[in-house]
Amino acid sequence: MNVQKLNAVISSFLKKQKLNYIYYEEHWTERMERRNYYQSFTEAKLLEMTEEDFFEYISKLWSMLIWGNKKYIVDKLIADNGFDALKKQLAELLYGTSPIEKRWDLFLKSVKGMGPATISELLTYSNPQEYVIFNKTTILCFGYLDIPDMPKYNYQYTGKKYKEVCTIAKEIAQELKKSGAENYDLLAVDYFLWDELLPLAEKKSAETPVSESNKPSTVSDSKSLHDEIKEKLVAIGELLGFDSRSEVKITTGAVVDAVWEAKIGNMGKAIYVFEVQSKGSIDSLILNLKKAQSNAAVQAVVAVADEEQLAKIIQESDGVIDEKSLRTWDSEDVLSVYDALVRAHESINKLALVPESF
């Protein structure tokens, strides 16, 4: 970590706090209210939650800001995981005695629909002395501080990496304390990253060429990246207002990675089909897209892969797939679009233009 760069940013942060005390006090008070709310829960209270309690518990999180209809997301969490099983996994994550890296990995392996940003936020509220929020903001800011080996893809957000990130956050907390900051737990570190470091980190990221070092190198990594892109396609579809699902049987003998579906009044539906390719033979992808085209509701089929594999798909699908309905989408662009949509929805939903009960 570049401590000299860190201390320069801390100095700027503390000066701004003194000049605009009310602004910083309001934001810190909001964080304290969130922390107090989540710390009011014990393991027993969490396990006794009703579905209504659980909706309030989850909907208060910053990571939920991207969703206008939070109830839909919470209901899906319950349906996908089972309510009792979900509460037990949450209780083990937050109150268990195993090392954090084991609890982290077990939760992500066992629970569908809650990722690193959400579970680290819950951990931070529960114990801000030990745990920090681990999301794209954290990664960008750590990159600005010249901290190496930060994850790019979701499968790289491991328990081991989370423990490492918390250790680094504690070092930042110590520097805040040395500089005279009043608040220096890991929730305060997150505020410092978000308010002061993030704009600098975003500017640096925009000016820095994309690194190739984080590309998947094993079959397991490729499968994990395949699954992540598939999940992002589903999430993009949901954010755009489609009925969006993964692993859908689109026609006899063809289960595709993702579909976006839009109902058109009483007339029927329009369907967009996505197949993701991360490594290996592209024959099954081409075959699935060809079969999908036989469904009259399918308006377009989209092959998603890296630039090299997209070129092969275009070449090998020539004369096999109707070129008028074939689209290609670079997988890195999918991840970028998802991040941009998340930021846009977070900003819009902060305005609370539509009441939650609407």
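Here, every reference points to the structure presented above.
Anyway, here's the lowdown on the structure attached to this text. (Residues numbered from 1 in each chain as written. Predicted model: local features only at pLDDT ≥ 70, side-chain atom pairs only at ≥ 80, totals over all residues. Heavy atoms only, no water.)

**Side note on the sheet that holds strand E3 (residues 268–276)**
Spatially, the five strands line up as an open sheet ordered E1-E2-E3-E4-E5, and their pairing is mixed. Every interior strand has two partners, whereas the edge strands, strand E1 (243–251) and strand E5 (326–330), have only one. Neighbour-to-neighbour, the strand axes of the sheet open up by a mean angle of 35°, direction not taken into account. Strand direction decides the pairing type here: strand E2 (residues 254–264) and E3, joined by seven bridges, are antiparallel. When the sheet's bridge partners are listed, alanine 262 is paired in E3 with alanine 270. Where helix H14 (residues 307–316) meets the sheet, its contacts fall on strand E4 (298–305) and E5, and the angle it forms with E4 comes to roughly 135°. (Pairing = 2+ DSSP bridges. Helix = DSSP H or I, 4+ residues; strand = E, 2+ residues; numbered from the N terminus. Axes fitted to C-alpha atoms, helices over the stretch in contact; angles between N-to-C directions. Contact = heavy atoms within 4.5 Å.)

**Overview of unusual backbone geometry**
For aspartate 146, which is not a glycine, the phi torsion comes out positive at approximately 65°. For aspartate 146, the position within the fold is in the loop between helix H9 (136–144) and helix H10 (159–178). Its identity as a non-glycine residue notwithstanding, aspartate 149 has a phi of 60°, on the positive side. Within the secondary structure layout, aspartate 149 lies in the loop between H9 and H10.

**Remarks on the environment of leucine 46**
Turning to its location among the elements, leucine 46 is positioned in helix H3 (residues 43–47). When the C-alpha atoms of leucine 46 and isoleucine 10 are compared, they prove to be 37 Å apart, with 36 residues separating the residues in sequence. With near-sequence residues (within four places) excluded, leucine 46 lies in contact with Phe41, Tyr57, Lys87, Leu90, Ala91, Leu94 and Tyr95.

**Side note on the pairing of E5**
By the bridge criterion, five bridges tie E4 to E5 in an arrangement that is parallel. Directly across from valine 302, in E5, lies its bridge partner arginine 327. The β-α-β motif built from E4, the intervening H14 and the parallel element E5 has right-handed crossover chirality. (Right-handed = clockwise from strand over helix to strand, strands pointing away.)

**So, the pairing of E3**
What sits between E2 and E3 in their antiparallel hairpin is a turn of three residues, with glycine 265 showing a positive phi close to 50°. In this fold, the crossover linking E3 to E4 by way of helix H13 (residues 283–292) has right-handed handedness.

**Some details on the packing of aromatic side chains**
Under the criterion given, the structure shown has 25 aromatic pairs. Seen from their ring centres, tryptophan 260 and phenylalanine 274 are 4.6 Å apart, and the 50° between their planes marks the pair as tilted. Of this pair, tryptophan 260 sits in strand E2 while phenylalanine 274 is found in strand E3, placing the two residues 14 residues apart along the sequence. In this pair, the class of tryptophan 260 matches that of phenylalanine 274, namely buried. (Phe/Tyr/Trp six-rings, centres within 6.5 Å; stacked < 30°, edge-to-face > 60°. Buried < 20%, exposed > 50% of the residue type's maximum accessible area, 1.4 Å probe, protein only.)

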